[in-house]
There are 2 protein chains.
Amino acid sequence: MSDTSSLDALIQALRRLPGIGQKSAQRMAFHLLQHDRAGAQLLSQALAQASSHVRHCVRCHTFTEGELCEVCQDPGRDTARLCVVETPADQAAMERTGAFKGLYFVLMGRLSPLDGVGPRDIGVQELLERAGDGVVQEVILATSFTAEGEATAHALAEALKRRGVRVTRLARGVPVGSELEYVDLGTIAHALADRR
Amino acid sequence: MSDTSSLDALIQALRRLPGIGQKSAQRMAFHLLQHDRAGAQLLSQALAQASSHVRHCVRCHTFTEGELCEVCQDPGRDTARLCVVETPADQAAMERTGAFKGLYFVLMGRLSPLDGVGPRDIGVQELLERAGDGVVQEVILATSFTAEGEATAHALAEALKRRGVRVTRLARGVPVGSELEYVDLGTIAHALADRR
């Protein structure tokens with residue numbers, strides 16, 4: 001319908017969001033136009049602003065608006081420890097613990113040959129150079145404990161060890177606050193093997 | 001973090017979409033910035049375009065970009081039948097059947113006192129004036145068969161009948177293609193009561 005082309009264009013554009021199909025996109029467009037035009041304009045500006053201003057930190061690859069991100073700029077961080085995470089969200093989770101004072105390397109993804117994500121896409125070469133700069137003494141692999149995250153950690157560990165870098169991995173075990181009865185068997189088996 | 005304020009603003013703006021919480025908004029922002037900046041710009045433009053251009057048809061209240069929507073402009077429609085639906089999506093579903101050649105009145109909502117949606121918000125007064133213009137001979141209530149949709153249909157039917165307008169309601173019954181065994185009891189009871 002030519003007289004609703006803006007509406008149709010909006011629905012099609014909303015479908016580019018991950019996990020949003022035709023019905024959800026329709027519902028979102030309807031909600032914004034009927035009940036929240038201010039929200040629509042806010043979102044429009046936020047998208048334009050972010051897509052033109054947000055770029056990658058030249059040192060750790062996370063999202064930033066400057067040359068270096070705040071963590072990399074912070075002189076108080078321990079430059080000898082480098083924590084490798086998959087996404088800025090993972091990095092944020094790590095930061096919220098307050099237990100890590102070192103620096104990060106954010107892969108912005110994980111190895112996934114089926115999706116066409118190879119070593120180049122996650123910056124393996126840059127990580128190897130960074131880890132071999134003589135300052136970094138330990139690389140902590142904090143990729144996800146999924147099949148792809150584990151494969152990524154394994155590949156990175158092999159490459160880093162070949163260059164003589166000390167590599168550690170986050171501990172696998174029983175989550176804090178959980179009752180053994182409800183923990184999956186793989187986790188219990190790992191926790192038993194890694195007991196201390 | 002001040003150096004990711006555009007990113008944070010984008011995440012907050014995405015949360016204004018219905019059904020989107022913090023995690024989904026983060027995932028969407030990450031996806032757009034990492035894998036689909038073209039999509040982010042497209043969505044930004046579509047939002048700006050739609051929120052400034054889309055308005056309501058003065059006759060039927062559906063979304064349109066002109067004074068009148070295409071259906072209301074079409075001289076080939078049967079002006080004696082007026083179908084009342086809740087949303088443009090419901091209207092689109094009705095149009096796709098190809099079984100209705102009349103005109104529409106789109107409530108852009110439904111009566112919902114708990115959410116503060118009253119008769120004024122769904123244009124009851126405009127509907128009554130439209131239905132009493134002497135041209136409309138039958139008003140077909142096609143609101144949802146939910147509690148709120150039924151309440152809306154009931155209130156509209158009462159008001160329209162008081163003005164001497166002929167009011168009908170979409171038939172309730174067993175959906176096409178369904179086996180009786182799997183149809184809910186309320187539907188079967190209604191189908192039995194309305195047998196023909």
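Here the structure is a predicted model, which means the values were calculated and not measured. For every chain, the first residue of its written sequence is number 1, and the numbers climb from 1 along that sequence. Numbering of ligands from 1 and lettering of chains from A proceed in the order in which they are written. Given that the model is predicted, a residue must reach a pLDDT of at least 70 before its local features are reported, and side-chain atom pairs must reach 80 or more before they are shown or counted; all residues, however, enter totals for whole chains, interfaces and linings. Side-chain numbers here rest on the full set of heavy atoms in the structure, without hydrogens or water.

What to know about the packing of aromatic side chains
Pairs of aromatic rings are described using the distance from one ring centre to the other and the angle between the two planes.
Part 1 of the reasoning: Classification of ring pairs uses Phe, Tyr and Trp, with its six-membered ring standing for Trp, and accepts pairs whose centres are within 6.5 Å; under 30 degrees between planes counts as stacked, over 60 as edge-to-face, and the remaining range as tilted. In this structure the tally under the stated criterion is 4 aromatic pairs over all chains.
Part 2 of the reasoning: Judged by centre distance (5.8 Å) and plane angle (65°), the rings of F63 of chain A and F30 of chain B are edge-to-face. Of the two residues, F63 of chain A is situated in strand β2 (residues 63-64) and F30 of chain B in helix α2 (residues 22-35); the pairing between them involves two chains. No difference in accessibility class separates F63 of chain A from F30 of chain B, as the two residues are buried.
Part 3 of the reasoning: Criterion for a charge above a ring: Lys NZ or Arg CZ within 6 Å of the ring centre, and within 35 degrees of the ring normal. In this structure, R169 of chain A is placed above the aromatic ring of F145 of chain A, and the distance from its NZ or CZ to the ring centre is 4.0 Å. Helix and strand labels come from DSSP, where a helix needs a run of H or I of at least four residues and a strand needs a run of E of at least two; each type is numbered from the N terminus. Classification of residues uses two cut-offs on accessible area relative to the type maximum, computed with a 1.4 Å probe and protein chains only: under 20% is buried, over 50% is exposed, and between them is partly exposed.

Structural notes on the pairing of strand β6 (residues 166-169) of chain B
Residue and element names in this part refer to chain B.
Part 1 of the reasoning: Only strands joined by at least two bridges in the DSSP assignment are considered to pair. Where strand β5 (residues 138-141) lies against β6, 4 bridges are found, and the strand directions are parallel. Looking at β6, one finds that V139 is bridged to V167.
Part 2 of the reasoning: Convention used here: a crossover is right-handed provided that the path from the first strand, over the helix, to the second strand proceeds clockwise when the strands point away from the viewer. In terms of handedness, the path from β5 via helix α7 (residues 147-162) over to β6 forms a crossover that is right-handed.

Some details on the UniProt feature "zinc finger region: C4-type" (unreviewed entry) in chain A
Part 1 of the reasoning: UniProt positions are given in the numbering used here, feature names are shortened, and annotations may be inferred rather than shown by experiment. With numbering matched to this structure, UniProt assigns "zinc finger region: C4-type" (unreviewed entry) to residues 57-72 of chain A.
Part 2 of the reasoning: Here residues 57-72 of chain A is 19% helix and 12% strand, with 8 Å between the C-alpha atoms at its ends.

A few points about the relation of the copies chain B and chain A
Part 1 of the reasoning: The fit set for superposing copies consists of C-alpha atoms from residues with pLDDT of at least 70 in both; the fit itself is least squares. Each copy of the sequence occupies a distinct position, and chain B is placed on chain A by a rotation of 180° and an axial shift of 0.0 Å, giving an RMSD of 0.0 Å. The transformation relating the two chain copies, once decomposed into turn and shift, fits a two-fold axis. For chain B, the residue whose C-alpha comes nearest the rotation axis is S44 of chain B, separated from it by 2.0 Å.
Part 2 of the reasoning: Of all interface residues in chain B, 100% are interface residues in chain A too; the two copies therefore contact each other through one and the same surface. We call two residues in contact when some of their heavy atoms are within 4.5 Å.

With respect to the interface of chain B and chain A
Part 1 of the reasoning: Taken together, the contacts link 52 residues of chain B with 52 residues of chain A.
Part 2 of the reasoning: Summed over both partners, buried area is the accessible surface (1.4 Å probe) that two parts give up on being assembled. Between chain B and chain A lies a buried interface of about 4800 Å² when both sides are counted; carbon and sulfur atoms form 63% of it.
Part 3 of the reasoning: At the level of elements, α1 (5-14), α2, α3 (37-53), β1 (55-56), β2 (63-64) and α5 (88-97) of chain B are the ones that each hand at least two residues to the side of chain B that touches chain A.
Part 4 of the reasoning: Considering every element that reaches the side of chain B that touches chain A, the biggest residue donor is α3 of chain B, with 15 residues.
Part 5 of the reasoning: Only Asp, Glu, Lys and Arg are considered charged, only Ala, Val, Leu, Ile, Met, Phe, Trp, Tyr, Cys and Pro nonpolar, and every remaining residue, Gly among them, polar. For the side of chain B that touches chain A, a count of residues per class yields 28 nonpolar, 16 polar and 8 charged.

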